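Below are the chains, spelled out letter by letter.
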Amino acid sequence: MSRLPNTENWDVKSVSTRTAFLVSCAMRASELSDQLGPAQHLAKRSSTIGATESFLEAAEINFVTDNFSEGFELLQQARSASSLFTFDIQDVLRSCVLMTLTDPVSISLTGDGIEIAQPQSPIFIKWAHLGSLVNISRALLTLILVAICSGGHINLSNSKPADRTGIETALYAAAASPGFSVLGFFGTPNETLGVSDTTVSISWSPLYALQIMEFNFENRVRHLAQDIYYWNTLRARAEIIDLRLLTVYIALFRSDRSHWFHEIPAAGEASQFLRELAERIHSRTQGAKR
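Since this is a predicted model, take the numbers as computed values, not measurements.

K.L.:
Which parts of the structure should I look at to understand the pattern of salt bridges?
P.N.:
For side chains of opposite charge, pairing can occur when their charged atoms come near one another. Enumeration over the complete set of coordinates arrives at seven salt bridges. Across the salt bridge formed by Arg 79 and Asp 103, the nearest N and O atoms sit 3.1 Å from each other. Of the two residues, Arg 79 sits in helix α3 (residues 68–81) while Asp 103 sits in the loop between α4 (89–102) and β1 (106–110), which places them 24 residues apart along the sequence. By relative accessible area, which is 15% here, Arg 79 ends up buried. For Arg 237, the salt bridge goes to Asp 227, with nearest N and O atoms at 3.5 Å. With Arg 237 in the loop between α9 (228–232) and α10 (243–254) and Asp 227 in the loop between α8 (206–226) and α9, this pair connects stretches of sequence that are ten residues apart. Here the salt bridges share partners, and the residues they tie into one network are Glu 53, Asp 91 and Arg 94.

Printed below as a string of structure tokens:
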């Protein structure tokens with residue numbers, strides 16, 4: 001696997017030092033979260049998020065400098081640090097993505113909510129508990145991709161009449177985004193989402209939608225690298241890796257549709273790097289399933 005462009009000056013010592021600092025921060029935040037009880041709900045959530053994000057940042061700087069094994073171990077630690085106890089849509093989304101990237105856990109979507117088939121303690125989260133429909137609609141594409149990656153089932157029309165309007169509204173809003181058309185790789189809306197073709201349609205070519213996502217990722221990396229001080233000190237001002245695009249790639253690998261990569265060249269070196277990273281994560285997690 002190659003390095004991400006613009007990381008050529010990130011030497012081994014700098015990566016090791018930054019990783020150690022981030023892991024130390026994550027461990028302290030995790031310890032604080034464990035010490036806090038239910039009464040300190042907001043502080044506990046903040047500590048949990050801090051630990052997860054620190055592990056994720058450490059994983060990123062190792063992945064982008066071609067240190068896959070260390071990066072994947074840190075990704076697993078981020079997964080362990082994350083929590084679903086808040087039922088905040090962003091917390092749930094982050095945890096579901098991390099489960100999909102690291103563990104053979106089946107995640108399914110129904111018209112009523114999200115089913116997470118953890119071996120010891122299955123979890124069901126109702127859409128109604130996840131906040132506004134606007135926030136759910138923004139997270140819905142990634143959640144659908146997570147379900148595809150994990151081998152879960154998707155049936156968004158299977159809901160009680162009282163709840164159906166909510167999830168369908170979120171689905172309409174999500175489908176208005178060009179990125180939603182990447183689901184065309186996996187079949188028609190009826191096949192993929194368990195809804196009628198009249199409920200939601202995909203009007204863009206999935207290849208075109210993927211190309212847009214890749215161009216956005218290329219611009220993301222380029223803009224982050226232009227913030228020279230923070231970039232050169234391994235402190236990018238935002239997440240480097242686009243987890244949603246990474247999830248698209250892994251979904252293509254896990255559903256035996258990676259031949260689509262031959263239909264469209266990567267938009268640039270950053271996208272090619274991310275495709276290679278997805279393939280390695282896919283290979284690693286497929287081994288775990290076996």
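That shown, we press on.
K.L.:
Sorry, what's going on with the pairing of strand β3 (residues 123–126) here?
P.N.:
A regular strand carries its side chains on alternate faces of the sheet. Examined bridge by bridge, strand β2 (residues 113–117) and β3 share four bridges and lie antiparallel to one another. Within the sheet, the bridge partner assigned to Ile 116 lies in β3 and is Ile 123. Between β2 and β3, which pair antiparallel and follow one another directly, the connecting turn spans five residues.

K.L.:
Could you clarify how one ought to interpret the environment of Arg 235 in this entry?
P.N.:
Residue placement: Arg 235 occurs in the loop between α9 and α10. Taking the C-alpha atoms as reference points, Arg 235 and Arg 18, separated by 217 residues in sequence, lie 8.7 Å from one another. There is a polar contact of 3.1 Å between the side chain of Arg 235 and the side chain of Tyr 229.

Parameters and conventions
- Residues numbered from 1 in each chain as written.
- Predicted model: local features only at pLDDT ≥ 70, side-chain atom pairs only at ≥ 80, totals over all residues.
- Heavy atoms only, no water.
- Salt bridge = Lys/Arg side-chain N within 4 Å of Asp/Glu carboxyl O.
- Helix = DSSP H or I, 4+ residues; strand = E, 2+ residues; numbered from the N terminus.
- Buried < 20%, exposed > 50% of the residue type's maximum accessible area, 1.4 Å probe, protein only.
- Pairing = 2+ DSSP bridges.
- Polar contact = N/O pair within 3.5 Å; in protein donor to acceptor, adjacent residues only side chain to side chain.

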